Amino acid sequence: MTLFESVEAETPKQFVRVRATVAYDGTSYSGFAVQNGQSTIGGALTEAISRVVGHPIELTCAGRTDSGVHAWGQVISFDADEQRLDLEGLQRSINKQLRPQIAIRSIERAPSDFDARFSATSRLYRYTILNHEAPSPFLARTAWWIESPLDLSAMRLACDPLIGEHDFSSFCRRPNDEASLTRRVLDARWARSDDGMLEFWIEANAFCHQMVRSIVGTLVEVGLGKKRAGDLAGIVRAGDRSTAGNLAPAHGLCLWEVRY
């Protein structure tokens with residue numbers, strides 16, 4: 001290089017934080033978290049977004065849903081090169097690549113300190129049950145079909161002991177470490193429509209592994225008369241997974257909304 005040779009300096013990348021709301025049908029995926037050799041929601045999104053923005057990204061999500069679980073309001077965040085960032089184009093491209101199972105519903109720039117997981121104040125889940133004598137092929141991927149009539153009044157009464165801050169060890173898969181399983185449930189309720197659909201809505205500051213599905217399985221046992229509504233308080237206090245009911249199937253569960 002001589003004094004007269006011009007050198008074009010590479011413009012340093014300026015990264016900005018991006019926030020997106022994602023919906024997905026989790027039926028064919030092994031959950032959200034990236035796993036080697038497995039098809040996952042997080043893996044598909046990371047690969048597709050990295051390809052569009054032109055550099056590797058590190059994806060953060062509000063909650064790592066299990067295999068077969070769906071989402072309407074999952075929130076993700078990542079950093080992207082501002083010089084190459086076209087939010088509308090990114091959304092269109094990702095939706096074309098991952099349709100119809102995964103869709104970005106909205107996308108925007110976020111403050112640099114925003115984190116999809118740690119900035120969240122609560123998560124809202126919906127669990128759907130078809131309580132009807134006949135199954136529906138059109139709901140087979142998103143609702144748990146229960147043929148026997150359920151006592152909705154008893155199931156509603158059984159929700160009361162869940163609300164508040166408790167150790168939910170009775171409803172959670174025990175982690176390998178000694179992490180706390182104390183969570184604060186803000187709301188837990190059942191709603192019924194005229195066509196035999198039951199929806200269980202539960203909101204908490206956070207959830208431990210399999211917590212919602214275990215709670216739903218227990219409440220269904222109350223609805224079937226296998227447990228009493230008054231048993232729930234004792235099950236919560238027991239801190240013993242064996243006292244609660246079986247897991248409800250994954251396909252009825254949907255991460256509905258994340259609040260910040």
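These figures come from a predicted structure and were not determined experimentally.

Chemist: Help me understand the side chain of Arg-123, please; the structure alone is not making it clear to me.
Modeler: Among the structural elements, Arg-123 can be located in strand β5 (residues 122–131). Lacking a salt bridge, the buried Arg-123 has Asp-115 as its closest oppositely charged neighbour, with an N-O distance of 7.2 Å. Setting aside anything within four residues of it in sequence, one finds Arg-123 in contact with Ala-62, Arg-117, Ile-202, Glu-203, Ala-204, Asn-205, Ala-206, Phe-207, Leu-255, Glu-257 and Val-258.

Chemist: Explanation requested: the pairing of strand β10 (residues 253–259) in the structure shown.
Modeler: Every regular strand shows the same layout, with side chains that alternate between the two sheet faces. As judged from the two bridges shared by strand β3 (residues 70–81) and β10, these two strands associate in the parallel manner. Of the residues in β10, the one forming a bridge with His-70 is Cys-254.

Chemist: Would you mind going over the environment of Cys-61 with me for this structure?
Modeler: Along the chain, Cys-61 falls in strand β2 (residues 60–61). It is 5.3 Å that separates the C-alpha atoms of Cys-61 and Ala-116, two residues lying 55 residues apart in sequence. When sequence neighbours within four positions are dropped, the list of residues in contact with Cys-61 reads Phe-32, Gln-74, Val-75, Ile-76, Ala-116 and Arg-117.

Chemist: Help me understand the packing of aromatic side chains, please; the structure alone is not making it clear to me.
Modeler: When we look at a pair of aromatic rings, we describe it by the centre distance and by the angle of the planes. Counting across every chain of the model gives eight aromatic pairs. Geometrically, the ring pair formed by Tyr-127 and Trp-144 is edge-to-face, given 6.3 Å between the ring centres and 85° between the ring planes. Linking Tyr-127 in strand β5 with Trp-144 in strand β6 (residues 144–146), this pair joins segments that are 17 residues apart in sequence. The same class applies to Tyr-127 as to Trp-144, namely buried.

Chemist: Please clarify how the packing of helix α1 (residues 41–53) against helix α2 (residues 87–98) should be interpreted in this entry.
Modeler: Geometry of a packed helix pair, given as the angle between the helix axes and the separation of the axes. Relative to each other, α1 and α2 sit at 135°, their axes nearing to 10 Å. If you check the angle between α1 and α2, you find them oblique. Here the hand of the crossing between α1 and α2 comes out right-handed. From α1, Ala-44, Leu-45, Ala-48, Ile-49, Arg-51, Val-52 and Val-53 reach across to α2, where they touch Leu-90, Ser-93, Ile-94, Gln-97 and Leu-98. A class-by-class count of the residues in the contact of α1 with α2 yields nine nonpolar, two polar and one charged.

Chemist: Would you take a moment to explain the pattern of salt bridges for this structure?
Modeler: For side chains bearing opposite charge, pairing can occur when the charged atoms are close. Tallied over the entire structure, the rule returns eleven salt bridges. Note that Arg-51 and Glu-47 form a salt bridge whose closest N and O atoms lie 3.5 Å from each other. In this pair, Arg-51 and Glu-47 are both assigned in helix α1, four residues apart and thus about one turn of the helix distant. Accessibility expressed as a relative area gives 51% for Glu-47, which makes it exposed. Linked through salt bridges whose partners overlap, the residues forming this network are Glu-203, Glu-257 and Arg-259.

Chemist: Please clarify how α2 should be interpreted in this entry.
Modeler: For an α-helix, the turn length of 3.6 residues means that residues three or four places apart are oriented alike. For α2, built from twelve residues, the straight-helix expectation of 16 Å at 1.5 Å per residue is met to within 8% by its first-to-last C-alpha distance of 16 Å. Every buried residue belonging to α2 is among Leu-87, Gly-89, Leu-90, Gln-91, Ile-94 and Leu-98, and all of these are buried.

Chemist: In this structure, what is going on with the environment of Pro-137? I would like to understand it.
Modeler: Mapped onto the elements, Pro-137 comes out in the loop between β5 and β6. Considered as a pair, Pro-137 and Ala-33 are 104 residues apart in the sequence and their alpha carbons are 29 Å apart.

Chemist: What's the story with the state of the cysteines in this structure? I'm lost.
Modeler: Note: disulfide means a covalent bond formed between the sulfur atoms of two cysteine side chains. Following the criterion strictly, the structure yields one disulfide and no others. For the unlinked cysteine Cys-61, the closest cysteine sulfur is that of Cys-254, found at 14 Å. Taking the relative accessible area as the measure of exposure, Cys-61 reaches 9% and is therefore buried.

What counts, and where the lines are drawn
- Positions within a chain are numbered from 1, following the residues in the order the chain's sequence is written.
- Totals for whole chains, interfaces and linings use every residue, but because this is a predicted model, local features are given only for residues with pLDDT of at least 70 and side-chain atom pairs only at 80 or more, for both listing and counting.
- The basis for every side-chain value is the complete set of heavy atoms in the structure, and neither hydrogens nor water enter the calculation.
- Here a helix means four or more residues in a row that DSSP labels H or I, a strand means two or more in a row labelled E, and each is numbered from the N terminus.
- Any residue under 20% of the maximum accessible area for its type is buried, any over 50% is exposed, and the rest in between are partly exposed; the area is computed with a 1.4 Å probe on protein chains only.
- The charge count includes Lys and Arg as positive and Asp and Glu as negative, but it does not include His or the ends of the chains.
- Here, a salt bridge means any Lys or Arg side-chain nitrogen found within 4 Å of an Asp or Glu carboxyl oxygen.
- Whether two residues are in contact is decided by their heavy atoms, any of which lying within 4.5 Å being enough.
- A strand pair is defined by DSSP finding two or more bridges across the two strands.
- We call Phe, Tyr and Trp rings a pair once their centres come within 6.5 Å, taking the six-membered ring for Trp, and we label the pair stacked below 30 degrees between planes, edge-to-face above 60, and tilted otherwise.
- Helix axes use the C-alpha atoms of the stretch in contact, all axes being lines fitted to C-alpha atoms, and the angles between their N-to-C directions lie in the range 0 to 180 degrees.
- Roughly parallel refers to an angle under 35 degrees, roughly antiparallel to one over 145, roughly perpendicular to one between 65 and 115, and oblique to any angle outside these ranges.
- Crossing handedness: left-handed means the near helix sits turned counterclockwise from the far one by under a right angle, and right-handed means the same turn made clockwise.
- Under the grouping applied here, Gly and all other residues not named as nonpolar or charged are polar, the nonpolar ones being Ala, Val, Leu, Ile, Met, Phe, Trp, Tyr, Cys and Pro and the charged ones Asp, Glu, Lys and Arg.
- Expected span of a helix: the number of residues minus one, times 1.5 Å.
- The rule for a disulfide is simple: a pair of cysteine sulfur atoms within 2.5 Å.

That's the geometry; what it means functionally is another story.
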